[in-house]
Amino acid sequence: MSPPKVSREVTKVVDTKNVSVKVQLGLDGVGTVHSDTGLPFLDHMIDQLGTHGMLDLSVLVEKREEGTSDEEVNNTVGAAIGSAIAGLGLHETKVQAEFYSPLDESLQGVSIDLSGNSSLKYDVTIPTKLVGRYETRLMEPFYAALVKEASIGVHIQRLTPAKNCNSHHIIEATFKAFARAMRQAIDKVDARAPQVDAVKGGEARTASTHRETGETSIGVEMSLDGLGDARVSTSIPLLDRQLAGIAAASGISLTVNAVGDTHIDDHHTVEDTAIVIGKTLQSALGDRSGINRMGFAEVCMGGAKVHATLDLSGRPHLGFDCDFPDERVGDYDTQLVEHTYQSLANNSGMTLHIRQLDGADSEELILAAAQAVGEALRMGIQYDDRRAGKIASSKGVL
């Protein structure tokens, strides 16, 4: 069967009695967005849709009769974007895609089904009624209108408790996850989609860092475009295995030489090693232009199942939801696992969420988490030529 023909550019106009919305959607740009809906927060979210989905997107409310509600505008904009997505010719291809997007404390997941059946499962609670002047209750009808016109199935889920999350973050992370899931779906269908290369235009992404304190002496060398090989010596066997697992899964070449006051305990050596690895990663990433920036992975190891999601956003945050049944694995204090990732996130400028989905063996959980972080990192550091060296952010800077 020949691949479906995908339209490269689509223009759609959706009219109601009171509102007219024109949408232009293109696949071959770098995520240039112009949105003028009269709802500033919605315009900001549409900017995320184009930037993170690498979609050239213009959304213009051409007519709004006096007295027309924000809800009617909101829903008509959703319908117009959905109509443009339908015009790409993706529906009924049976393709499925998913993406997970963190924004500080918030973590949202979106899955898309291009089976031709319109359905929306919206498992999101937003703790406040307003973000700016935008009514947060309008998000669900926006997606409902989009899904109906696009003839696609969408499942949106919040993966962190709403009471602990900022409403702006929940909505923005949802748009980012939807945008990136949509791009993954498009790339599965589109025969012209270029291959994503791990190497940034031939430039060497390498760095090294040495840090010495009264407690430790740590040296780290790193190549983001390596072979996943690791030469790690910290005198803490389980830490060595975690770091080697991250390197192997990420494709990063990593050398770590650490000497510390382990005669006291392992805390200083673990913490400082993670600090130096984080600083080295930050240096190797440079300005982070052209990279995917986000990544996720789910890893099973024995009876353990762990999911990791990260964003190389320059905004350090750790969400850690793992419950180790044992205080120690051999001589290793399992409390140090969370501390390792906290130090890594803080010093690399990474938002990182690690979630235990199953398992009751502490060692399996620790090593599954390391592999999941590595696989997510592999996705995040990949260079995509379609971004033409631009930073994957509507702000233009991280």
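You'll find the structure just up there.
Predicted model, so just to flag it, every value in this text is computed and none were measured.

### Re the overall build of the protein
(1) Moving on: Assigned secondary structure in the protein consists of 8 helices and 20 strands.
(2) Moving on: The C-alpha radius of gyration of the protein comes to 22 Å, within 12% of the 21 Å expected for a compact globule of 398 residues.
(3) Moving on: With respect to the principal axes defined by its C-alpha atoms, the protein has extents near 75 × 45 × 40 Å.
(4) Moving on: Among the 398 residues that make up the protein, the fraction classed as buried is 55%.
(5) Moving on: For the protein, restricting intrachain contacts to residue pairs at least 6 apart in sequence, the fraction spanning at least 24 positions comes to 78%.
(6) Moving on: Working note: accessible area of the protein is about 16,500 Å², and carbon and sulfur atoms make up 45% of it.
(7) Moving on: Between the centroid of the 37 positive side chains of the protein and the centroid of its 55 negative side chains there is a distance of 8 Å.

### Describing the sheet that holds strand β16 (residues 304–311)
(1) Moving on: Taking strand neighbours across the sheet as the criterion, the 4 strands line up as β15-β16-β20-β17 in an open arrangement whose pairing is mixed. Edge positions in the sheet fall to β15 (294–301) and β17 (317–321), since each has one partner strand and no second. Adjacent strand axes in the sheet meet at a mean angle of 10°, parallel and antiparallel pairs treated alike.
(2) Moving on: Note that β15 and β16 share 8 bridges and pair antiparallel. Paired with cysteine 300 across the two strands is lysine 305, which belongs to β16.

### Considering helix α5 (residues 237–250)
(1) Moving on: Taking 1.5 Å per residue, 14 residues should reach 20 Å; α5 reaches 20 Å between its end C-alpha atoms and fits that length.
(2) Moving on: For α5, the complete set of buried residues consists of Leu238, Leu239, Asp240, Gln242, Leu243, Ile246, Ala247, Ala249 and Ser250.
(3) Moving on: Positive phi appears at glycine 251, one or two residues downstream of α5, with a value of about 80°.

### Concerning the packing of helix α1 (residues 40–53) against helix α2 (residues 70–87)
(1) Moving on: α2 packs onto α1 with a crossing angle of 15° between their chain directions and a minimal axis gap of 12 Å. Put simply, α1 runs roughly parallel to α2. Crossing of α1 over α2 shows right-handed handedness. Contacts between α1 and α2 involve Leu42, Ile46 and Leu49 from the first element and Asn74, Val77 and Ile81 from the second.

### Here's the deal with helix α4 (residues 167–189)
(1) Moving on: If you check α4, its first and last C-alpha atoms are 33 Å apart, about what 23 residues at 1.5 Å a residue would give, namely 33 Å.
(2) Moving on: One side-chain oxygen of the residue at the start of α4 lies 2.8 Å from the amide nitrogen of histidine 168, identifying that residue as asparagine 166.

### Re the packing of aromatic side chains
(1) Moving on: Considering all chains together, one arrives at 8 aromatic pairs under this definition.
(2) Moving on: Each ring, one from tyrosine 100 and one from phenylalanine 296, has its centre 5.0 Å from the other, and the planes form 65°; the classification is edge-to-face. Taken together, the positions of tyrosine 100 in strand β5 (residues 95–103) and phenylalanine 296 in strand β15 put the pair 196 residues apart, joining distant regions of the chain.
(3) Moving on: Here phenylalanine 296 falls in the buried class, since its relative accessible area comes to 11%.
(4) Moving on: For the ring pair tyrosine 143 and phenylalanine 178, a centre distance of 5.7 Å and an interplane angle of 65° mean the geometry is edge-to-face. With tyrosine 143 in helix α3 (residues 139–150) and phenylalanine 178 in helix α4, this residue pair connects regions lying 35 residues apart in the sequence. As far as the burial class goes, tyrosine 143 and phenylalanine 178 line up, both buried.
(5) Moving on: An aromatic cluster of at least three residues, connected via ring pairs, comprises Phe142, Tyr143, Phe175 and Phe178.

Here is what the cut-offs are and how they apply
Here, residues in each chain are numbered from 1, in the same order as that chain's written sequence. It should be noted that, the model being predicted, local features are given only for residues of pLDDT at least 70 and side-chain atom pairs only at 80 or more, the latter also being counted only at that level, while totals for whole chains, interfaces and linings use all residues. As a rule here, side-chain values come from all non-hydrogen atoms in the structure, and water together with hydrogens is ignored. Think of it this way: any DSSP run of H or I at least four residues long counts as a helix, any run of E at least two long counts as a strand, and we number them from the N terminus. As defined in this context, the radius of gyration uses C-alpha atoms, and a globule is described by 2.2 Å times the residue total to the power 0.38. For every residue, the accessible area (1.4 Å probe, protein chains only) is compared with the maximum for its type, and the residue is labelled buried under 20%, exposed over 50%, or partly exposed between those bounds. Two residues form a contact once any of their heavy atoms are found within 4.5 Å. Only the protein chains shown count as cover for residues, with accessible areas throughout obtained via the Shrake-Rupley method and a probe of 1.4 Å. In this tally, Lys and Arg are treated as positive and Asp and Glu as negative; His is ignored, and so are the chain termini. Here the site of a charge means atom NZ of a Lys, CZ of an Arg, CG of an Asp or CD of a Glu. The criterion for strand pairing is that DSSP finds at least two bridges linking the strands in question. Think of each axis as a best-fit line through the C-alpha atoms, taken over the contacting stretch in the case of a helix, with angles from 0 to 180 degrees between the N-to-C directions. Helix span, expected: 1.5 Å multiplied by one less than the number of residues in the helix. To sort the angles, those under 35 degrees are grouped as roughly parallel, those over 145 as roughly antiparallel, those from 65 to 115 as roughly perpendicular, and the leftovers as oblique. Less than a right angle of anticlockwise turn of the near helix away from the far helix marks a crossing as left-handed, whereas a clockwise turn marks it as right-handed. Contacts described as polar in this section are N or O atom pairs within 3.5 Å, which, within protein, must combine one atom able to donate a hydrogen with one able to accept it, while residues neighboring in sequence count only if both atoms come from side chains. The criterion for an aromatic pair is that two Phe, Tyr or Trp rings (for Trp, the six-membered ring) have centres within 6.5 Å, with stacked assigned to planes under 30 degrees apart, edge-to-face to planes over 60 apart and tilted to the rest.

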